[in-house]
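Report on the structure
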Amino acid sequence: MGLADFFRKKSSGNVAKDRLKLVLVSDRANCSPDLMEQIKNDIINVLTKYVEIDKEGLDIKIEQTESEGNNGSVPALFANIPIVSMKQTK
């Protein structure tokens, strides 16, 4: 990823695709889009106590994955959270 990609805004098509993915995943995981948004906001609130994050680059999603015991698929939370800097502790 180049420096120009870092500052590029998502196109409306990509935003729509991300929203559709959120709806599909939340449906499969029996998790409403509102609950997904609350989870995302809670994660952001906790992390910002300790680090400065790039909210534009934030990607949090729930996907179906195969369980370790081959008991079928289970929902899993995946988070890609770019950290800009660490906050100083007192």
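Structure shown above.
Now for a description of the structure that goes with this document.

1. Digging into the overall build of the protein chain
Looking only at helices and strands, one finds 3 helices and 4 strands in the protein chain. Taken from the N to the C terminus, the helices and strands of the protein chain come in the order α-α-α-β-β-β-β. Within the protein chain, the fraction of its 90 residues that count as buried is 16%. For the protein chain, restricting intrachain contacts to residue pairs at least 6 apart in sequence, the fraction spanning at least 24 positions comes to 44%. Within the structure as shown, the protein chain displays about 7400 Å² of accessible surface, and the carbon and sulfur contribution to it stands at 52%.

2. Observations regarding the environment of isoleucine 39
Mapped onto the fold, isoleucine 39 is located in helix H3 (residues 33–47). Judged by its relative accessible area of 27%, isoleucine 39 is partly exposed. With 21 residues separating them in the primary sequence, isoleucine 39 and isoleucine 60 have C-alpha atoms 9.0 Å apart.

The rules behind each value
- Residues numbered from 1 in each chain as written.
- Predicted model: local features only at pLDDT ≥ 70, side-chain atom pairs only at ≥ 80, totals over all residues.
- Heavy atoms only, no water.
- Helix = DSSP H or I, 4+ residues; strand = E, 2+ residues; numbered from the N terminus.
- Buried < 20%, exposed > 50% of the residue type's maximum accessible area, 1.4 Å probe, protein only.
- Contact = heavy atoms within 4.5 Å.
- Areas by Shrake-Rupley, 256 points an atom, 1.4 Å probe, with all protein chains shown as cover.

So far we have only geometry, and geometry alone does not tell us how the molecule works.
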